[in-house]
Amino acid sequence: MARKINRSPRCISDGRDALTVEILSAVGATAISNYNAHEQILAQSEPTESVFVLIEGVVCVSSMLPDGRRQVLGFALPGDLLGAWTFKEHTYCADTLTQVRAYKLATNTLRRVMSHQPALLWAIQSHTKQELALAHEHVAILGRAAAEEKVAWFVLQWRERWELRAGRSDEIPLPMTRSDISDYLGLTIETVSRVFSRFSREGIWRAGLDFVEVIDLGKLTTLARCETSGAVAIPKVHAHLGSR
């Protein structure tokens, strides 16, 4: 049965939905860092000294283009790994959209531990593959001509990813602004707002500035020309570490 909206998804410490204490301790994650909404936790081109494992909240990942424009690359949820740990410098910015709690890991320590713990290396590689799969789907959706398809796809994949973390809800929070969504989909703010209003009028969903409730899933899926099969969900970093 659907439950009331949960606006702050978090990992649940049950062996499936939380990074194990043993692994986090091994890489030096002895404390949790707390951030308010609208704080930057990673800056593009800064040295990759630390990475973050998100355990609560939502983070907007973006890249600044040479002409000064912003391209939103995605929205991180609990269980996601933030930071370009394979590069000398971070390749994107990470800004909190809500209050956020995260483990901050020293990159050098992470690399050293991964060389001795194949399970951790495998888990992070799996996470990276799934991030690439979603990135490829994002690139494909950017090539679609119809704004309605882009917005429908965005809400479907966001709804699925959110419910994997927070459980099923009647309403799905939208902590990102219409500007964030437009920068993610390559549309104008006006176009995104127009599509949201149109879908509300047509009874496809009920939406406010910070939430959406899908009413006609079948029609929304048809508009997006995709199936909600789970292909777009990003599994958590610890997916292959096993239970405690």
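Provided above is the structure to which this section pertains.
In this report, we go over the structure that sits alongside the text. (Residues numbered from 1 in each chain as written. Predicted model: local features only at pLDDT ≥ 70, side-chain atom pairs only at ≥ 80, totals over all residues. Heavy atoms only, no water.)

### Details of the packing of aromatic side chains
- Using the criterion set out here, one finds nine aromatic pairs in the structure.
- Judged by centre distance (6.0 Å) and plane angle (65°), the rings of F75 and F154 are edge-to-face. Remark: F154 occurs in helix 4 (residues 147-166) and F75 occurs in strand 5 (residues 70-76); sequence separation between them is 79 residues.
- Among the residues examined, F75 registers a relative accessible area of 5% and is labelled buried.
- F154 gets classed as buried once you look at its relative accessible area, which sits at 0%.
- Centre to centre, the rings of F75 and W158 are 6.2 Å apart; their planes meet at 75°, and the pair counts as edge-to-face. (Phe/Tyr/Trp six-rings, centres within 6.5 Å; stacked < 30°, edge-to-face > 60°. Helix = DSSP H or I, 4+ residues; strand = E, 2+ residues; numbered from the N terminus. Buried < 20%, exposed > 50% of the residue type's maximum accessible area, 1.4 Å probe, protein only.)

### Looking at the pairing of strand 8 (residues 100-106)
- The pairing of strand 1 (residues 32-35) with strand 8 spans four bridges and is antiparallel. Bridge pairing in strand 8 places S33 opposite A102.
- Examined bridge by bridge, strand 3 (residues 50-56) and strand 8 share six bridges and lie antiparallel to one another. The residue bridging F52 from the neighbouring strand is K104, located in strand 8. (Pairing = 2+ DSSP bridges.)

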